[in-house]
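Structural overview
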Amino acid sequence: MSLVAEAFVSQIAAAEPWPENATLYQQLKGEQILLSDNAASLAVQAFLQMCNLPIKVVCRANAEYMSPSGKVPFIHVGNQVVSELGPIVQFVKAKLYLQWCDEATVGEITHARYGSPYPWPLNHILAYQKQWEVKRKMKAIGWGKKTLDQVLEDVDQCCQALSQRLGTQPYFFNKQPTELDALVFGHLYTILTTQLTNDELSEKVKNYSNLLAFCRRIEQHYFEDRGKGRLS
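Here the structure is a predicted model, which is why all the values come from computation and not from measurement.

With that out of the way, let us pick up the overall build of the protein chain. Scanning the protein chain from N- to C-terminus turns up 10 helices and four strands. For the protein chain, the α and β elements follow one another from N to C terminus as α-β-α-β-α-β-β-α-α-α-α-α-α-α. By the burial criterion, 50% of the 232 residues in the protein chain qualify as buried.

Now for the environment of Val151. Relative to the assigned elements, Val151 resides in helix 7 (residues 148-166). For Val151 and Tyr97, which are 54 residues apart along the polypeptide, the C-alpha to C-alpha distance reads 7.8 Å. Leave out the neighbours within four places in its chain, and Val151 touches Ala94, Tyr97, Trp143 and Lys146.

Okay, the environment of Asp102 next. Following the sequence through the fold, Asp102 ends up in the loop between helix 4 (89-100) and helix 5 (103-115). Sequence spacing of Asp102 and Leu148 is 46 residues, and the spatial spacing of their C-alpha atoms is 7.4 Å. In contact with Asp102, not counting residues within four places along its chain, are Tyr97, Leu148 and Thr197.

Core analysis: the biggest nonpolar cluster contains 57 residues, and Tyr97, Phe185, Phe214 and Ile218 have the highest contact counts within it. If we ignore the near neighbours within four places in the chain, the residues touching Phe185 are Leu42, Ala46, Thr190, Phe214, Cys215, Ile218, Glu219 and Phe223.

Quick look at unusual backbone geometry now. Looking along the chain, the bond that leaves Val72 and enters Pro73 is cis, with omega of 0 degrees. Its location among the elements puts Pro73 in the loop between helix 3 (63-66) and strand 3 (74-77). Cis geometry marks the peptide bond from Trp120 to Pro121, where omega comes out at 5 degrees.

Predicted confidence across the protein chain gives a mean pLDDT of 81, with 81% of residues reaching 70 or more. Element-level mean pLDDT values for the protein chain span from 45 in helix 1 (residues 3-15) up to 95 in helix 10 (residues 209-222). Counting contacts from residues 1-16, a segment whose pLDDT is below 50, to residues more than four positions away or on other chains yields 25 contacts.

This part takes up the packing of aromatic side chains. Two aromatic rings are characterised by how far apart their centres lie and by the angle between their planes. Under the counting rule described, the total for this entry stands at five aromatic pairs. When the centroid spacing of 5.0 Å and the interplanar angle of 15 degrees are considered together, the rings of Tyr25 and Phe74 count as stacked. With Tyr25 in strand 1 (residues 23-26) and Phe74 in strand 3, this pair connects stretches of sequence that are 49 residues apart. In terms of burial, Tyr25 and Phe74 fall into one category: buried.

Moving on, we come to the pattern of salt bridges. In this structure the tally under the stated criterion is five salt bridges. Of the charged contacts, one joins Asp154 and Lys146 as a salt bridge, the two residues approaching to 2.4 Å between their closest N and O atoms. Between Lys206 and Glu203 there is a salt bridge; the shortest N-O distance is 3.8 Å. Of this pair, Lys206 and Glu203 both sit in helix 9 (residues 200-206), three residues apart, which is roughly one turn of the helix. Classification of Lys206 as partly exposed rests on a relative accessible area of 39%.

The next thing to look at is the pairing of strand 1. Residues Thr23 and Tyr25 point to one face of strand 1 and Leu24 and Gln26 to the other, with burial holding for every one of them. Note that strand 1 and strand 2 (residues 56-59) share four bridges and pair parallel. Of the residues in strand 2, the one forming a bridge with Tyr25 is Val58. Two strands pair when backbone bridges link them, and strand 1 and strand 3 are joined in this way by three bridges, in the antiparallel orientation. Counted as the bridge partner of Tyr25 is Phe74 from strand 3.

The rules behind the values
- Residues numbered from 1 in each chain as written.
- Predicted model: local features only at pLDDT ≥ 70, side-chain atom pairs only at ≥ 80, totals over all residues.
- Heavy atoms only, no water.
- Helix = DSSP H or I, 4+ residues; strand = E, 2+ residues; numbered from the N terminus.
- Buried < 20%, exposed > 50% of the residue type's maximum accessible area, 1.4 Å probe, protein only.
- Contact = heavy atoms within 4.5 Å.
- Core = buried A, V, L, I, M, F, W, Y, C linked by side-chain atoms within 4.5 Å.
- pLDDT = per-residue confidence, 0-100.
- Phe/Tyr/Trp six-rings, centres within 6.5 Å; stacked < 30°, edge-to-face > 60°.
- Salt bridge = Lys/Arg side-chain N within 4 Å of Asp/Glu carboxyl O.
- Pairing = 2+ DSSP bridges.

Structural data, given as structure tokens:
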């Protein structure tokens, strides 16, 4: 659950009406957006939709360099700029590992996506720089020497915990969605719909029918008019 997001929305709502020109900035979409960035963006959008707060989504190749924290997405509301919606730790670690530490994914997908907005040789330089940065972080948190099977097992354990917590309820706190639902949706939906070198990660999520139903529920209720329907 993101206390930052909750505090931010409460602060804005208390200070003044939510502006019509509120904007969410993210990296380029489609084949040019990374798994973790797409998940974070979807989580923020879902949370704001649940709060009935309109937001315009703008895709920029240099979004992470525009962000005050260097991370995307970020929101520009009135005179305030806020970045990052607190992640679900295990999912973020797993996605970072797959994107930057699994050599097959790095070679076939990550470098091309991350470097796509930039000309040669900058595209290669920035991609390798980002990979070095992420690998250093993964090593610092004890994930540097993990195998893919160990990462997938961590994801499965996380899904199992989420599935047990959700149970038969429509949302994690029963009938009304919260920022926790937005966070879980953003990460699960991205895992389910993003093409990687294999389907092992998405298959872990698909093993839990209530999590699949949960993602379909939020997609249909909050994103139907955006032409998604990829889990139908």
